[in-house]
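Topology and contacts: notes
So the chains spell out like this:
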Amino acid sequence: MDLHSYLARRPADYPHTVALGNCLRALVEAGLDRLPLPGSGHTLERFQRLAEVGGHDLGLCKLFEGHTDALAIIEQLGGSPTPGSTWGMWAAEPPQARVKVSPAGHMVALHGRKAWCSGAAVLSHALLTAWDGDDQQQLVAVALDQPGVTVTEQGWQAVGMAATGSVEVLFDGAEAQAIGNPGDYLQRPGFWQGGIGIAACWYGAARQIAEALRSQCGQRPEPHALAHLGAVDSALQAAADVLRFSALHIDAHPEDHAELLARRARAVVEQSAEQVMREVGRALGAGPFCKDRQFARLSADLPVFLRQSHAERDLAALGQLVAGQSSEVWTL
């Protein structure tokens, strides 16, 4: 069974973290988490699968994207995940929550607090960034069902994306395995390639929200609603085109530094998703927000998920990259 068929058989409603964890494990057991690696020649398929899950349920998509990203990173850096395991990818680095790593035999020991740990209560493993004695960032893999790991209930009061349970986790001597060398997480080509995968999740949710408007206009072609649908279509087409171009570029240049490509793609998809939400809401009014469970959940979750972007800070970073290019940066 493919991913689309599997999701079609399940209700698009995962209100609790435990339900998300159960569904992720079912996807893993069915082998539906084995997406093509970025740069493998099938990157567009990877983005399409992420978009499918995003349009089904963004809470599930957050865990699915983190899990599949962790699998890709481990493979890219020469590791091998435990069969049947479910993974979080926790790389947020707020100044008040940094994990330290110290040697412990052939393994390493973790100490400190990690923030924004999506799915911490229901995952079996996590891939996370930590800091060694030389203040270098080191990626580590840790089993979560061991002494020295405490999943708190702190740091997460969300309404949108509530079911992801993105809480803080405390480490007190937990045993972990170093993955790659210090600095590898950010330096590898896959870092920015993976960032485009997040945009594919946003696109999938926006596309599903837009479907409510397309469906209504197909039944009742009211002029103002049709104008909103035209705006939605152009926004979604721009997002789809940039994701498709990005996938093809990654496959053609798998070892390239993809920061400019990723920042552009994320900016376009973010702006498209925000326009879709605005246009659909104005066209349809309160009805689907109040009476359509999947629409309401996606509409509550997507604004929170979009804030994985850093808004004007990301646009400023994009502008800085463009300013250093020649005029050919915009050649058709």
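Attention here is on the structure that accompanies the text. Not measured: the values here are computed from a predicted model.

Describing the overall build of the protein
A count of helical and extended segments in the protein gives eleven helices and seven strands. Computed over the C-alpha atoms, the radius of gyration of the protein is 20 Å, within 12% of the 20 Å expected from 2.2 N^0.38 for a compact globule of 332 residues. Seen along its three principal axes, the alpha-carbon backbone of the protein occupies a region of about 70 × 50 × 40 Å. Scored against the burial criterion, the 332 residues of the protein give a buried share of 51%. For the protein, the share of sequence-separated contacts (at least 6 apart) that also reach a separation of at least 24 residues comes to 73%. Seen as two clouds, the 26 positive and the 36 negative side-chain charges of the protein have centres 6 Å apart.

Describing helix α3 (residues 43-56)
For α3, built from 14 residues, the straight-helix expectation of 20 Å at 1.5 Å per residue is met to within 8% by its first-to-last C-alpha distance of 20 Å. By the criterion of burial, α3 is predominantly enclosed, with eleven of the 14 residues buried. Where α3 is concerned, the buried positions are T43, R46, F47, R49, L50, A51, E52, V53, G54, G55 and H56. Of the surrounding secondary structure, the elements contacted by the buried residues of α3 are α1 (3-8), α4 (58-76), α6 (190-219), α7 (223-252) and α10 (293-306).

Examining the nonpolar core
Membership of the largest hydrophobic core comes to 82 residues, with the highest contact counts inside it found for W90, L110, L128, V142, F171, V276 and L302. No other element matches α6, which puts 14 residues into this core. V276 has contacts with A206, I209, A210, V232, A235 and L236, leaving out every residue within four places of it along the chain. One finds I74, W87, L139 and I179 within the second-largest nonpolar core, a separate group that totals eleven residues.

Notes on the packing of helix α8 (residues 259-284) against helix α11 (residues 312-323)
At a closest axis distance of 10 Å, the pairing of α8 and α11 adopts a crossing angle of 135°. As judged from the angle between their axes, α8 and α11 are oblique. Seen along the crossing, α8 lies across α11 with a hand that is left-handed. On α11, the residues that touch E259, L260, R263, R264, A267 and Q271 of α8 are D314, L315, A317, L318, L321 and V322. A per-class count over the contact of α8 with α11 returns seven nonpolar, one polar and four charged.

Description of the packing of α6 against α10
Interhelical geometry of α6 versus α10 gives an angle of 150° and a closest axis separation of 10 Å. Crossing handedness for the pair α6 and α10: left-handed. Facing α6, whose interface residues are I198, C201, W202, A205, A206, Q208, I209 and A212, α10 presents Q294, F295, L298, S299, L302, F305 and L306. Split by residue class, the contact of α6 with α10 holds twelve nonpolar, three polar and no charged.

Brief notes about the pairing of strand β2 (residues 99-104)
Where β2 meets strand β3 (residues 107-117), six bridges bridge the pair, whose relative direction is antiparallel. Residue pairing across strands places S102 opposite A109, the latter belonging to β3. Where β2 hands over to β3, the hairpin turn is made up of two residues, of which G105 adopts a positive phi near 70°.

A look at the packing of aromatic side chains
Following the criterion strictly, the structure yields four aromatic pairs and no others. Residues Y185 and F191 carry aromatic rings whose centres are separated by 5.3 Å and whose planes lie at 80° to one another, so their mutual orientation is edge-to-face. Given a relative accessible area of 23%, F191 falls into the partly exposed group. Ring centres of F191 and W192 lie 5.2 Å apart, and the angle between their planes is 80°; this geometry places the pair in the edge-to-face category.

Details of unusual backbone geometry
Even without being glycine, W116 reaches a positive phi, approximately 60°. Following the sequence through the fold, W116 ends up in strand β3. You will see that A311, though not glycine, has its phi angle at about 55°, which is positive. Take A311: it is sitting in the loop between α10 and α11.

Looking at the side chain of Q146
Within the secondary structure, Q146 is located in the loop between β5 (137-143) and β6 (149-151). In this structure the side chain of Q146 is engaged in a polar contact, spanning 2.8 Å, whose partner is the backbone oxygen of A143. Contact partners of Q146, with chain neighbours within four places excluded, come to A174 and E175.

Things to note about the environment of R46
Within the fold, R46 resides in helix α3. Residues R46 and L35, eleven residues apart in the sequence, show an inter-C-alpha distance of 5.6 Å. In this view, R46 contacts L35, P36, L37, P38, T68, D69 and A72; residues no more than four positions away in its chain are not counted. Here the side chain of R46 touches P36 through a polar contact of 2.9 Å, landing on its backbone oxygen. At 3.1 Å, the side chain of R46 forms a polar contact with the backbone oxygen of T68.

Each value, and the rule that gives it
- Residues numbered from 1 in each chain as written.
- Predicted model: local features only at pLDDT ≥ 70, side-chain atom pairs only at ≥ 80, totals over all residues.
- Heavy atoms only, no water.
- Helix = DSSP H or I, 4+ residues; strand = E, 2+ residues; numbered from the N terminus.
- Rg over C-alpha atoms; globule rule 2.2 N^0.38 Å.
- Buried < 20%, exposed > 50% of the residue type's maximum accessible area, 1.4 Å probe, protein only.
- Contact = heavy atoms within 4.5 Å.
- Lys, Arg positive; Asp, Glu negative; His and termini not counted.
- Charge placed at Lys NZ, Arg CZ, Asp CG, Glu CD.
- Expected span 1.5 Å × (residues − 1).
- Core = buried A, V, L, I, M, F, W, Y, C linked by side-chain atoms within 4.5 Å.
- Axes fitted to C-alpha atoms, helices over the stretch in contact; angles between N-to-C directions.
- Parallel < 35°, antiparallel > 145°, perpendicular 65-115°, else oblique.
- Left-handed = near helix turned anticlockwise from the far one by under 90°.
- Nonpolar A, V, L, I, M, F, W, Y, C, P; charged D, E, K, R; others polar.
- Pairing = 2+ DSSP bridges.
- Phe/Tyr/Trp six-rings, centres within 6.5 Å; stacked < 30°, edge-to-face > 60°.
- Polar contact = N/O pair within 3.5 Å; in protein donor to acceptor, adjacent residues only side chain to side chain.

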